[in-house]
Amino acid sequence: MLLLTVVLVLLLIASAAFAAARRWKRRVGAPRRVVLTGGGTGGHVNPALAIAEGIKARDPQTRFLYIGVKNKAETVIVNKAGYPLRYVFSEGYPGIRPSFRTLCFLWKLSLGIVQSIVILIGFAPRWIVATGGYVSAPVIMAAVLLKKLGIADVKIFLHEQNSIPGQLNAFMGKWADKVLLTFPQTLSFFPNAAVVGYPIRHSIVPIAVEEAEKRLSFTIPEGREILFVFGGSQGARTINRAIVDALPYLFANSHRLFIIHGSGLASSSSYNAARDTEERIQKVLSDEQKRSLGDFYYRQDYFHNIAEIYSISSLIVCRSGAGSLNEISRIGKPVLLVPKVNLPGDHQVMNARAMRNAGAAEILFEDTVMESGGLIECLDGQVLAEKILSLIEDRPRLREMAEKSRDFLRREAIERIVSEIFGEKRFADGNGRVAPFRDLVGNARLLQLLSAARARFGSAFDPALVVEDPDDLAYYRHRAAGLLSRKNWQDRNLGVKLIGLTQYREKIPTLLQMLSDRTPVGVVKRIFGGDFEQVGFIRRNIVEALMGLDRFDPEVEKHILLAMEDPYFEVRARACRAVAHFGDLLAGKTLCVDRLLGHLRDLCFEVVIEAAQALGEVGTDWKAAMALLSMRESHYWQVRNAALLGIKRMLERGVLDPSGELFAQISSFILTSTDFRPHFQIKETYTAILKCAEDIRAGACKPPASLNQVARKIK
């Protein structure tokens, strides 16, 4: 009976698949049907609509269906464009590290695939045009599954807007019949690709300034330089806050500037672009500035007719998504880019580099700072204002950037894309291989390279020896700082290490704030040994980074002393090592010496070892020496060895005299080791002390000159 049931179910499925396949073949004829998919942001939606315009111009009878995700950019933009819109479940890829988000991603992706199968069977498209974003994943996977089952007679075209493909696009590209690229440098990622350029809507064309101003819903005073600031369709918190913070510095030039601000459509529980911007205006500006703000500042959530705003702008400030860059290039405008860092493949940074290398753009990187007790990514408003004014006042530079901007765009992109979709060969396919962009290495690889270089060069280490391009080094520093605001402690820990290795000294205040952060963790984390949000590993590596950054001032001193009292033993040990590192600046300071003396009784012998050696660097009297001598019979030979090293260092510094009394006590040290070793290190240390004493008596050894203290201070 069970076997019969299974057979009947299989026959039913086969019959349904056969019927669906026959129906699909019947509907593939005229009128032509096309599914468009891609979303989350306007950078994915607008290219799909531009391609639809190109197909429709060739075949006006074509029927379109857009598949997207609810409450994203496509909800507004596609409905405004008048295309039918269906929704499926989907979610952004959370990364390879397993987590609860991974389960959510897999669950929603599975539901999205089932929904997509139902939609595709019902619509029976001839072509699927996907422009990326996580919404494309279930649609493409459903189409591939239907093709493998022999149900779907459909071709899949995937357009990659960025110079470095996103993770899902890179994965799904192998299933597409053709991958259509914006940048020739992306060819190395896809074997089945053609370079076509970026599809821009027909409405994005240069408009005469007078005509564009007439179409605006607001009035711009005459004789103003117009600055257009936006962060994409959803908006960018960094850019929105930065331009508001810049307003007080721009008010002196309000008679010759007019700022148009597109704050974005984002309205989630985590960030509401319009509300956050208005609240910041109320916070940052004085009452008098608020009253006169309308004379040179206008804000709107989203500009559907953005070509008008582009056309009247003297300078544009925005993210470096491929869509924005190519739209700006079509109009031919200079741009100041603020790329989003730590995205997959650093694609926004790569896009920005491409436009900067073309001479059409300049770049400002966002930074990570402490605000309201938490770390956030931001762009300093004063820095932005100064950069804006420097460009606005340099008319020759703006004209040069505008000319270079027009040359950045690959022309006839839509025509090239339509030619590929219709299977024509009207254009060269763009498969001529070109040199790829100079690679930006990932964070893990950067850590590996810099760590190896520091181990090799020691005190002569310079990150510029590894990262030869100053612009790339600047970016790596900002990218490292961006990791400090991540929720995952491993990411923050990596950021701390990279800040030290890239010698990003401007982040010392942020590291100090993290080191002193005592925000407690929840009950569950405490059960597993956690103490504070900035976990012990992070605090330990902050101290290590401070030594690598090699800058000293009262704040650094205060926080090193605080770290000496940290509940985690590795932090205390590193803090003692930091005292030794800055020994010439801390020598003789009572509080520091007293804490080291206290640590000679620490329960963790690693702390005792570091404290003993640090006393050799900062001790200045017999009190410190006697404390070290009292360790002559310690159970651990490593502790006795550290005490001898401390005494040796005090001799070398000229703090102790090589007297008979001193050596009488040194000679009572136990010089044996419980470890099996080919030689006894502690005996070698003892012999080195005797040699040092002989050299001092003979005048062959003099205390070294103190290090240059000024060079270590933060200016």
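A.B. asks: What should I look at first to understand the overall build of the chain in this one?
C.D. replies: Looking only at helices and strands, the chain has 31 helices and 15 strands in total. A buried classification covers 54% of the 715 residues belonging to the chain. Sequence-distant contacts in the chain: of pairs separated by 6 or more residues, those separated by 24 or more amount to 71%. Working note: accessible area of the chain is about 32,400 Å², and carbon and sulfur atoms make up 55% of it.

A.B. asks: Honestly, the pairing of strand β4 (residues 127–130) in this entry has me stumped. Any pointers?
C.D. replies: Taking every second residue as pointing to the same face, both faces of β4 are buried, with Trp127 and Val129 on one and Ile128 and Ala130 on the other. Note: strand β1 (residues 33–37) against β4, four bridges, orientation parallel. In the strand pairing of β4, Val35 is matched with Ile128. Pairing of β4 with strand β5 (residues 155–160), which is carried by four bridges, proceeds in the parallel orientation. Looking at β5, one finds that Val129 is bridged to Phe157. In this region the chain leaves β4, passes through helix α5 (residues 136–148) and returns to the parallel neighbour β5; the handedness of that crossover is right-handed.

A.B. asks: How should I be thinking about the pattern of salt bridges in this particular structure?
C.D. replies: Side-chain pairs of opposite charge can arise whenever the charged atoms involved come near each other. Summed over the entire model, instances satisfying the criterion amount to 36 salt bridges. A salt bridge links Glu211 to Arg215; its shortest N-O distance comes to 3.3 Å. With Glu211 and Arg215 both in helix α7 (residues 209–215), this residue pair falls four residues apart, about one helical turn. For Lys589, the salt bridge is made with Glu557, and the minimal N-O distance between the two is 3.0 Å. Linking Lys589 in the loop between α25 (583–586) and α26 (590–599) with Glu557 in helix α23 (residues 554–563), this pair joins segments that are 32 residues apart in sequence. With relative accessibility at 33%, the residue Lys589 sits in the partly exposed group. What makes Glu557 buried here is its relative accessible area of 16%. Salt bridges sharing common partners tie together Glu362, Lys387, Arg397 and Glu400.

A.B. asks: Explanation requested: the packing of helix α24 (residues 569–581) against α26 in the structure shown.
C.D. replies: A pair of packed helices can be characterised by two numbers: the angle between their axes and the separation between those axes. At a minimum axis distance of 11 Å, the contact between α24 and α26 shows a crossing angle of 135°. Taken together, the axes of α24 and α26 are oblique relative to one another. Once α24 is placed against α26, the crossing between them reads as left-handed. Contact with α24, carried on its side by Arg572, Cys576 and Val579, involves Cys592, Leu596 and His599 of α26 and no other residues of that element. Taken together, the residues of the contact of α24 with α26 sort by class into four nonpolar, one polar and one charged.

A.B. asks: Would you take a moment to explain the packing of aromatic side chains for this structure?
C.D. replies: In this description, a pair of aromatic rings is defined by centroid distance and the angle of the planes. Under the defined criterion, the tally for this structure stands at 17 aromatic pairs. Here Phe552 and Phe582 contribute two aromatic rings whose centre-to-centre distance is 5.1 Å and whose plane-to-plane angle is 45°, an arrangement assigned as tilted. Residue Phe552 is located in the loop between α22 (536–549) and α23, and its partner Phe582 is located in the loop between α24 and α25; the two are separated by 30 residues in the primary sequence. Just as Phe552 is buried, Phe582 falls in that class too.

Scoring rules and cut-offs
Residues numbered from 1 in each chain as written. Predicted model: local features only at pLDDT ≥ 70, side-chain atom pairs only at ≥ 80, totals over all residues. Heavy atoms only, no water. Helix = DSSP H or I, 4+ residues; strand = E, 2+ residues; numbered from the N terminus. Buried < 20%, exposed > 50% of the residue type's maximum accessible area, 1.4 Å probe, protein only. Contact = heavy atoms within 4.5 Å. Areas by Shrake-Rupley, 256 points an atom, 1.4 Å probe, with all protein chains shown as cover. Pairing = 2+ DSSP bridges. Right-handed = clockwise from strand over helix to strand, strands pointing away. Salt bridge = Lys/Arg side-chain N within 4 Å of Asp/Glu carboxyl O. Axes fitted to C-alpha atoms, helices over the stretch in contact; angles between N-to-C directions. Parallel < 35°, antiparallel > 145°, perpendicular 65-115°, else oblique. Left-handed = near helix turned anticlockwise from the far one by under 90°. Nonpolar A, V, L, I, M, F, W, Y, C, P; charged D, E, K, R; others polar. Phe/Tyr/Trp six-rings, centres within 6.5 Å; stacked < 30°, edge-to-face > 60°.

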